[in-house]
Amino acid sequence: MARLAVSIGDPNGIGPEVTLRAARQSGAALLAIGSAAGLKAQAEAGSAYGARVGCSCRYVEGRDIGNCERDFVPGMALVSLSDDPETRTVTASVPLLGSASARYVGVSGCLMVLEE
């Protein structure tokens, strides 16, 4: 683990410039981890939204699944839809980051499918 505070008179010869560099490297690593976690969370939220919108488009409105991505809000270009007509389920996914499914259940419309 990097030292974040060292006195100028450190017997190991580590001065303030080394301490500052270690602090920057630690901060950059934390930022990268936080950014990756944030990106995954956004992909999961976008997938869930896409599955719900896609399911409603396909099974409530009766439109073709290829037509449903037009209902997405701007910024959802990476979200893709797939349809399983046998189970009336639409799955939305962002490659390598997240996916979610919604199933048409009749008068209740489309409900999210919880992963087990």
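Residues numbered from 1 in each chain as written. Predicted model: local features only at pLDDT ≥ 70, side-chain atom pairs only at ≥ 80, totals over all residues. Heavy atoms only, no water.

(A) A look at the sheet that holds strand S1 (residues 80–84). Here we have four strands laid out as an open sheet, ordered S1-S2-S3-S4, and antiparallel in their pairing. Each edge of the sheet is formed by a strand with only one pairing partner; in this case those strands are S1 and strand S4 (110–113). Going across the sheet, the axis of each strand differs from the next one's by a mean of 25°, ignoring polarity. Direction of pairing for strand S3 (residues 98–104) relative to S4: antiparallel, over a ladder of four bridges. In the sheet register, Arg 103 faces S4, and the bridge partner there is Leu 111. (Pairing = 2+ DSSP bridges. Helix = DSSP H or I, 4+ residues; strand = E, 2+ residues; numbered from the N terminus. Axes fitted to C-alpha atoms, helices over the stretch in contact; angles between N-to-C directions.)

(B) Quick look at the confidence of the model for the protein. Residues at a pLDDT of 70 or more form 70% of the protein, whose mean pLDDT is 79. Here residues 1–10 scores under 50 on pLDDT; set against residues more than four positions off or in separate chains, the count is 16 contacts. Note on residues 15–20: pLDDT is under 50 here. Beyond four places in sequence and across chains, it has six contacts. (pLDDT = per-residue confidence, 0-100. Contact = heavy atoms within 4.5 Å.)

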